[in-house]
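Coordinates in review
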Amino acid sequence: MTLEQKLSQSAIEAIRALYGETVNESLTQLQKTKKEFEGHLTLVVFPFLKISRKNPEQTAQEIGQKLIEIEPAIASFNVIKGFLNLVIDTKVWIAMLQQISENGTFGIKTPTNDSKLVMIEYSSPNTNKPLHLGHVRNNLLGFSLAEIMKANGYNVVKTNIVNDRGIHICKSMLAWQKWGNGETPESSGLKGDHLVGKYYVVFDKEYKAQIKALMEQGQTEEVAKKNAPLILEAQAMLLKWEAGDDEVVALWKMMNTWVYAGFDVTYKKMGVDFDKIYYESETYLEGKGKVLEGLENGVLFQKEDSSVWADLTPNGLDEKLLLRGDGTSVYMTQDIGTAKLRFDDYPIDKMIYVVGNEQNYHFQVLALLLDKLGFSWGKDLVHFSYGMVELPEGKMKSREGTVVDADDLVEEMVATARETSQELGKLDGCTEEEAEAIATTVGLGALKYFILKVDPRKNMTFNPKESIDFNGNTGPFIQYTHARIRSVLRKAVDNGIAIDGAIATDLQLAEKEQNMVQLVANFESVVEEAGNTYSPAVIANYIYELVKEYNQFYHDFYIIREENEALRHFRLVLSKSVAQVIKSGMKLLGIEVPERM
RNA sequence: GGCCGAGUAGCUCAGCUGGAUAGAGCAACAGCCUUCUAAGCUGUGGGUCUUGGGUUCGAAUCCCAACUUGGUCACCA
């Protein structure tokens, strides 16, 4: 039980003793006391005025008196208007820090075999182009979310549904066949996904030229788009693929192999991974059975052309097509099929889809359909819907080559980190390998934190011309603080100062020190909140606040140089605990923290 | 047009389960390294929380409307 919960109970008790009424826990709002007032936690008494029938000041005084009597954790209190500021006994903070420092996994719950199973789908790339900044946001959010759910005691399966079939894949294939001259990753030195992406762009360029030519011959744009020879060829190729044509399938396999090799490199670099990968080429036929089953059960209905539909008008939505007249699947059908396979493979309690907000409607419909078709978790599926990453000039478009490439971006960030380190002369004593490892950690940390600190729902703009900052509210600032603390701890050990052992319980602590313990202790509830709201940003903002406070503390107080040994010990333990929480918290964001930088 | 988001400092964003004088960072300016890492710390300036109503002891936060902006409304995925 956290201190807040404990005090909340005490407040309820105090009110019952004073006014004979048991108030709901939701009314006892305890908030952190504002910096300009004395105290650690503040009880807002306005909600109790009806019960006390007294003015705010009197009510607060009475509750404060009562609390002092019944709650030993409270040392004193003061009242300002309707706010009852509670001062927590220093011994409570010391005991709390002692406990935290002895718990190597403070704030992190460990899943057991009985824990609920959460499956998180993220990444889900198309195999016709390399990953770009939009994917980076998806991957970082998905990975972080998985870490956060684990830390909340869930078993987590990370999954990726690779979109490896469809007309867009055929476009790259066709262009390569026509204009590739047998180019391979080996022959060109290009990363596989980049090579394939290059031909996706080639296709689009040639296709546009054909459309333009047809329009000059008098066709409307709409007609020209349908009649361009290239698109007709691509469609023919898709039909061949679906018919299992040897040549097309061989080409498809070869090019997909290139892409996967490229993706693997990018995933590894970003530090994300998956427990189970599904391929759409293997799942896209699966949904059909489930849909036909639904048709038999009368959940779905058939139209005259024998296409199958779901009627969602009772739910305030439209009718939704699930099987075409010719019996082939659409996107929704595939998602139903994938869901079926997943449910066969795992006892899923909760499913989280990390997919952009342009698909909000799709997932609203999917939830309803899965529920109708009998998936227990269907109705409660979570669409973790995040906003677009836009450039200053607007949306990124792969086909037009106006994208920020994931590999390039990571490379740039690492390079910047390297330069900054050199300029500051921080790594002079390090080997080449160590310096490079630190540059990678810091560069990636800057990128990941930059993306994860903002509310996922919001669109974000990224200006490639202004590089991501390394000062202020950034990943490197947090990493730096961690390195700084570790450095102090190393020095302590070097000087033969023990960091383990009990903290003296009769210390006088400065307000700043008490506040630091309070802030560190909050980590536990922050992790819970992040899990409940699926929000890496909550973690990021908390760590930033912690680190900012710590740097002020570091600046204003001696640690190793403190002459009072008991106090020095307290500060060392505090520092160690801050470092530990930084490390745990950053891990939830998928960000590593270095020992030195 | 229907439905779903978002609008807070010059810029990027916190705060949003209603609570005290709305907070950070960046950018600008002024300070702080012979002592634990200056990727740090301190200070100055910068706000009609889009607008208008409503609920409330109290609204950036909740409700309604308008405006701006993004998405979506395919037998594409």
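Here the structure is shown first, and the text comes after it.
Residues numbered from 1 in each chain as written. Chains lettered and ligands numbered in written order. Predicted model: local features only at pLDDT ≥ 70, side-chain atom pairs only at ≥ 80, totals over all residues. Heavy atoms only, no water.

**Thoughts on the pairing of strand 11 (residues 350–356)**
For strand 11, the tally of buried residues reaches six of seven residues, placing the bulk of the element in the interior. Relative to strand 12 (residues 382–386), strand 11 runs parallel, the two being bridged by five bridges. Bridge pairing links Val 355 to Ser 385 in strand 12. Traced from strand 11 through helix 15 (residues 360–372) to strand 12, the parallel crossover comes out right-handed. (Buried < 20%, exposed > 50% of the residue type's maximum accessible area, 1.4 Å probe, protein only. Helix = DSSP H or I, 4+ residues; strand = E, 2+ residues; numbered from the N terminus. Pairing = 2+ DSSP bridges. Right-handed = clockwise from strand over helix to strand, strands pointing away.)

**Things to note about the side chain of Glu 280**
Mapping Glu 280 onto the fold places it in helix 12 (residues 280–283). One buried charged residue, Glu 280, remains without a salt bridge, the closest side chain of opposite sign being Arg 165 at 4.4 Å. In this structure, Glu 280 is in contact with Ile 161, Val 162, Asn 163, Asp 164, Arg 165 and Gln 334, ignoring residues within four places of it in sequence. (Lys, Arg positive; Asp, Glu negative; His and termini not counted. Salt bridge = Lys/Arg side-chain N within 4 Å of Asp/Glu carboxyl O. Contact = heavy atoms within 4.5 Å.)

**Quick word on the packing of aromatic side chains**
The full count for this structure, using the stated rule, is 20 aromatic pairs. Seen from their ring centres, Phe 46 and Phe 83 are 5.9 Å apart, and the 80° between their planes marks the pair as edge-to-face. With Phe 46 in the loop between strand 2 (41–44) and helix 2 (49–52) and Phe 83 in strand 4 (residues 83–88), this pair connects stretches of sequence that are 37 residues apart. Since its relative accessible area comes to 31%, Phe 83 is described here as partly exposed. A ring pair is formed by Trp 241 and Trp 252, whose centres lie 5.2 Å apart and whose planes are at 70°; its orientation type is edge-to-face. On the criterion of sequence distance, the pair formed by Trp 241 in helix 10 (residues 229–242) and Trp 252 in helix 11 (residues 246–270) is long-range, its members being eleven residues apart. Exposure remark for Trp 252: the relative accessible area of 11% places this residue in the buried category. Three or more aromatic residues joined by ring pairs form one cluster here, namely Tyr 122, Phe 263, Tyr 267 and Phe 274. Between Arg 165 and the ring centre of Tyr 284, over which it is positioned, the NZ or CZ distance is 4.0 Å. (Phe/Tyr/Trp six-rings, centres within 6.5 Å; stacked < 30°, edge-to-face > 60°. Lys NZ or Arg CZ within 6 Å of the ring centre and 35° of its normal.)

**Regarding the protein's contact with RNA strand B**
In the region of RNA strand B, 62 residues are neighbours, and Asn 163, Arg 324, Lys 426, Tyr 480 and Arg 561 sit closest. Near-protein atoms of RNA strand B (within 4 Å) split between backbone and bases, with sugar and phosphate holding 62%. Asp 305 is positioned with one of its side-chain polar atoms (N or O) 2.8 Å from a base nitrogen of RNA strand B. Within the side chain of Arg 484, an N or O atom sits 2.4 Å from a phosphate oxygen of RNA strand B. (Near = heavy atom within 4 Å. Polar contact = N/O pair within 3.5 Å; in protein donor to acceptor, adjacent residues only side chain to side chain.)

**Quick look at the side chain of Thr 159**
Along the chain, Thr 159 falls in strand 6 (residues 155–162). Reaching out from Thr 159, the side chain makes a polar contact with the backbone oxygen of Lys 276 at a distance of 2.9 Å. With sequence-adjacent residues up to four places away left out, Thr 159 is seen in contact with Met 119, Ile 120, Glu 121, Tyr 122, Phe 274, Lys 276, Tyr 278, Arg 342 and Met 351.

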